[in-house]
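Here are the chains, one letter per residue:
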Amino acid sequence: TDGILYTIQPKTGKVLWKYSIGEAPSALEANGDLIIATTKNGEVVGVSINGQKRWSVSGGKRVSYILYFKREHPLTTIAQMLPSSIVPRWVALLYLSVITVTQGGEIVSRDIRNGETFYAVSHGSEVTTFPTLWSRFIFFGDLNNKLVKLDGLSGKAVWSYKTEDKIRARPLVA
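### Regarding the sheet that holds strand β10 (residues 117–122)
(1) Moving on: Judged by pairing direction, the sheet is antiparallel, and its four strands sit side by side in the order β7-β8-β9-β10 without closing on themselves. A single partner strand is all that each edge strand has here, and the edge strands are β7 (63–68) and β10. Each adjacent strand pair in this sheet contributes to an overall mean axis angle of 15°, direction not counted.
(2) Moving on: Where β7 meets strand β8 (residues 97–102), five bridges bridge the pair, whose relative direction is antiparallel. When the bridges of β8 are listed, Tyr68 appears paired with Val98.

### Points about the pattern of salt bridges
(1) Moving on: Per the stated rule, a full pass over the model turns up three salt bridges.
(2) Moving on: Residue Asp111 is joined to Arg113 by a salt bridge in which the shortest nitrogen-to-oxygen separation is 2.5 Å. Of the two residues examined, Asp111 and Arg113, each falls in the buried class.
(3) Moving on: Here Arg168 makes a salt bridge to Asp165, at a shortest N to O gap of 3.9 Å.
(4) Moving on: Residue class for Arg168 comes out exposed when judged on its relative accessible area of 63%.

### Let's talk about unusual backbone geometry
(1) Moving on: Despite not being glycine, Ser135 shows a phi value in the positive range, around 55°.
(2) Moving on: Relative to the helices and strands, Ser135 is located in the loop between β11 (132–134) and β12 (137–141).
(3) Moving on: Phi at Asn145 takes a positive value of approximately 65°, unusual for a residue other than glycine.
(4) Moving on: Within the element layout of this structure, Asn145 appears in the loop between β12 and β13 (146–151).

### Regarding the confidence of the model for the chain
(1) Moving on: Taken as a whole, the chain shows an average pLDDT of 83; of its residues, 83% reach a score of 70 or greater.
(2) Moving on: The weakest mean pLDDT in the chain belongs to helix α1 (residues 74–81) at 58; the strongest belongs to strand β14 (residues 157–162) at 95.

### A closer look at the environment of Lys149
(1) Moving on: As for its placement among the helices and strands, Lys149 is situated in strand β13.
(2) Moving on: Along the primary structure Lys149 and Pro131 are separated by 18 residues, whereas in three dimensions their C-alpha atoms are 9.7 Å apart.
(3) Moving on: Those residues within four positions of Lys149 in sequence are excluded, and the remaining contacts are Phe137, Ile138, Phe139, Lys156, Ala157, Val158 and Trp159.

### Describing the sheet that holds strand β6 (residues 53–58)
(1) Moving on: An order of β3-β4-β5-β6 is seen for the four strands of this open sheet, with the pairing classed as antiparallel. Where the open sheet ends on each side, the last strands, each with one partner, are β3 (25–31) and β6. On average, each strand axis in the sheet is tilted by 15° relative to the strand beside it, whichever way the strands run.
(2) Moving on: Across five bridges, strand β4 (residues 34–39) lies against strand β5 (residues 43–48) in antiparallel orientation. Bridging across to β5, Ile36 finds its partner in Gly46.

### Here's the deal with the pairing of β8
(1) Moving on: Among the six residues of β8, six are classified as buried, and the element is accordingly described as predominantly covered.
(2) Moving on: Covered by surrounding structure in β8 are Ser97, Ile99 and Val101 together with Val98, Thr100 and Thr102, the residues of both alternating faces.
(3) Moving on: Across five bridges, β8 lies against strand β9 (residues 106–111) in antiparallel orientation. Residue Val101 lies in a different strand from β9, and its bridge partner there is Ile107.
(4) Moving on: Counting the residues in the hairpin turn of β8 and β9 gives three residues, including Gly105, whose phi is positive at 95°.

Parameters at a glance
Residues numbered from 1 in each chain as written. Predicted model: local features only at pLDDT ≥ 70, side-chain atom pairs only at ≥ 80, totals over all residues. Heavy atoms only, no water. Pairing = 2+ DSSP bridges. Helix = DSSP H or I, 4+ residues; strand = E, 2+ residues; numbered from the N terminus. Axes fitted to C-alpha atoms, helices over the stretch in contact; angles between N-to-C directions. Salt bridge = Lys/Arg side-chain N within 4 Å of Asp/Glu carboxyl O. Buried < 20%, exposed > 50% of the residue type's maximum accessible area, 1.4 Å probe, protein only. pLDDT = per-residue confidence, 0-100. Contact = heavy atoms within 4.5 Å.

This is the structure we're talking about:
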């Protein structure tokens, strides 16, 4: 609540490092060696696990959810070592991206290495459930009682299904 990210050693309670993002995060997620934090004013910050800021971008809209496309795969390791300019876009989108979803339904895919935007699309309705990643697809419920499937590589809708009532739980995909 004080706008500072803390890394605390679980066994001893010792503070390993602190990083100030200026205000309490509206969403927070960690994966591998990167922590993503967002603020109420829409800033998205990538902080390494040793407390060093890697990148920061202003989004302008409050982020409700953060999803990672980073996967444990040989392509992930190789792609992270290569300059961004020579990594194919589909590899970066599928293995090195973070997706943020704003309260207003904007879905933004960013490169976890530098915060650059791969795509930003407006869903047109507020996303009301925590999204679920399955393969390369994103599933979520929206304010219009729809279950929606998006292609995570492009942000484009694949299909939607209108339910009789609000979708209150995170979609499960089997």
